[in-house]
Amino acid sequence: MLQMGTVPQRPDRRRWLPALLAVALTMTLVALTFTPARASVGGSAHATAVQARAPQVELDVQATGTISAVQPILDRLTRDPVLAGRQITAAQVGTPEAPAGTEADTVPQQRIPGLVTVEESHACTQRVQDAELSAQARTGQVSVGLLGLDVLRVGPVLAGATTHPTQEPTARAQEPQVEFFGRDVPLPAEEPIEVDEQLSTADALAALETAVPGLQGLVEAIGGVVEAGGGVQVHMGRSAEADPRTGRAGAVGFHAAVHLDLHARVCIPNLSGGCLAEVTIRTDATVLDLVLAETLVERPETMPVVERIDWAVVVPVIALVAVVLFALGLALGRYRRTGYGDRS
């Protein structure tokens, strides 16, 4: 009786091929569904809470008659400027770095002595990945005085501007509470407004005394008489503009130009009732340019997809998928060569 030998069994590759296919499919899906790192580049954002410029202001002084009689007055009037020039900028920031970042600055109370006081101010710009680029600025209460006159009081000021790589920009300037010589003044966003206050003789004389301390006492000491008048004008407003075409947007929470008109006449009388000597004093100038909560943004650009991909993550995934697919190809080739499985 002839006995048949036992044929050794080959491993059934069909058992592990489904698992290999599942791994390959999973890795391929991971590679295909990977979301590139999002980022935007370019554009700009700027925010400034306070900009105040006060030029030097001097009195225009002219004398007629017996000059020696009014020489002390002339010396007092021409010794110092009415206002010394000065400029301040507080809480100012620029464009955040890409792909995301924030710039911020906070400054405590700022002053131009005798002219303007601004409580705490804050400015901030922010860039969000592949999204908004924004700027905001705000100030606390602001007061403007001029030669002892309480000219303006402005409540908290807030302005902001936002742009986006693919969406329309926006700008806003919140209406602050404004008082001019103690009177509430509405501040529309459409057009700037102009308000003025005529100074009484008493107010004008008080302002002149503040500008030139001791002047009235000196005039009275030499027997002179002072007549004075004038006015204060303020051109002020707020603005918010956005251009969908360019992606540019800007807002100013409050801006004002303060103008002073002050004039006076000093007469040193003679025995006939006329003037032995006469001094005319005048100033007609813008004494303060003030801008509060100014913001400006320009649209950023979305990075190209190739530049946005984090290759440090994607390359290993692609390499692993390639290895799995290569191994799968080898396994399928061997499977076919052996007749698709074991045969007796």
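Residues numbered from 1 in each chain as written. Predicted model: local features only at pLDDT ≥ 70, side-chain atom pairs only at ≥ 80, totals over all residues. Heavy atoms only, no water.

Draft legend 1. Expanded view of the sheet that holds strand S13 (residues 170-173). The 5 strands are arranged S5-S8-S9-S12-S13 in an open sheet whose pairing can be described as antiparallel. Only two strands of the sheet have a single neighbouring strand rather than two, namely strand S5 (101-107) and S13. Pairs of neighbouring strands in the sheet enclose a mean axial angle of 5 degrees, with direction left out of account. Alignment of strand S8 (residues 121-127) against strand S9 (residues 133-139), held across 7 bridges, turns out to be antiparallel. Directly across from Ser 121, in S9, lies its bridge partner Thr 139. (Pairing = 2+ DSSP bridges. Helix = DSSP H or I, 4+ residues; strand = E, 2+ residues; numbered from the N terminus. Axes fitted to C-alpha atoms, helices over the stretch in contact; angles between N-to-C directions.)

Draft legend 2. Broad picture of the sheet that holds strand S14 (residues 178-180). Pairing is antiparallel across the open sheet formed by 6 strands, whose spatial order is S6-S7-S10-S11-S14-S15. Of all strands in the sheet, those bounded by a partner on one side alone are strand S6 (110-112) and strand S15 (183-184). Taken together, the 3 bridges between strand S7 (residues 116-118) and strand S10 (residues 142-146) define a ladder with antiparallel strand orientation. The residue bridging Val 116 from the neighbouring strand is Val 144, located in S10.

Draft legend 3. Focus on helix H2 (residues 67-78). Spanning 12 residues, H2 covers only 14 Å between terminal C-alpha atoms, well under the ideal 16 Å at 1.5 Å per step. Where H2 is concerned, the buried positions are Val 70, Ile 73, Leu 74 and Leu 77. One side of H2 carries all its buried residues, which in axial view fall inside an arc of 110 degrees. Buried-residue contacts for H2 involve strand S3 (60-65), helix H4 (215-221), strand S18 (248-269) and strand S19 (275-298). (Expected span 1.5 Å × (residues − 1). Buried < 20%, exposed > 50% of the residue type's maximum accessible area, 1.4 Å probe, protein only. Arc of directions from axis to C-beta. Contact = heavy atoms within 4.5 Å.)

Draft legend 4. Broad picture of the confidence of the model for the chain. On average, residues of the chain carry a pLDDT of 84, and 77% of them reach 70 or more. Per-element confidence in the chain is highest for strand S12 (residues 157-163), whose mean pLDDT is 98, and lowest for helix H5 (residues 305-308), whose mean pLDDT is 51. Of the regions scoring below 50 in pLDDT, residues 1-5 engages in 0 contacts with residues more than four places distant in sequence or in other chains. With pLDDT under 50 throughout, residues 34-38 is counted as low confidence; its partners more than four residues away or in other chains account for 10 contacts. (pLDDT = per-residue confidence, 0-100.)

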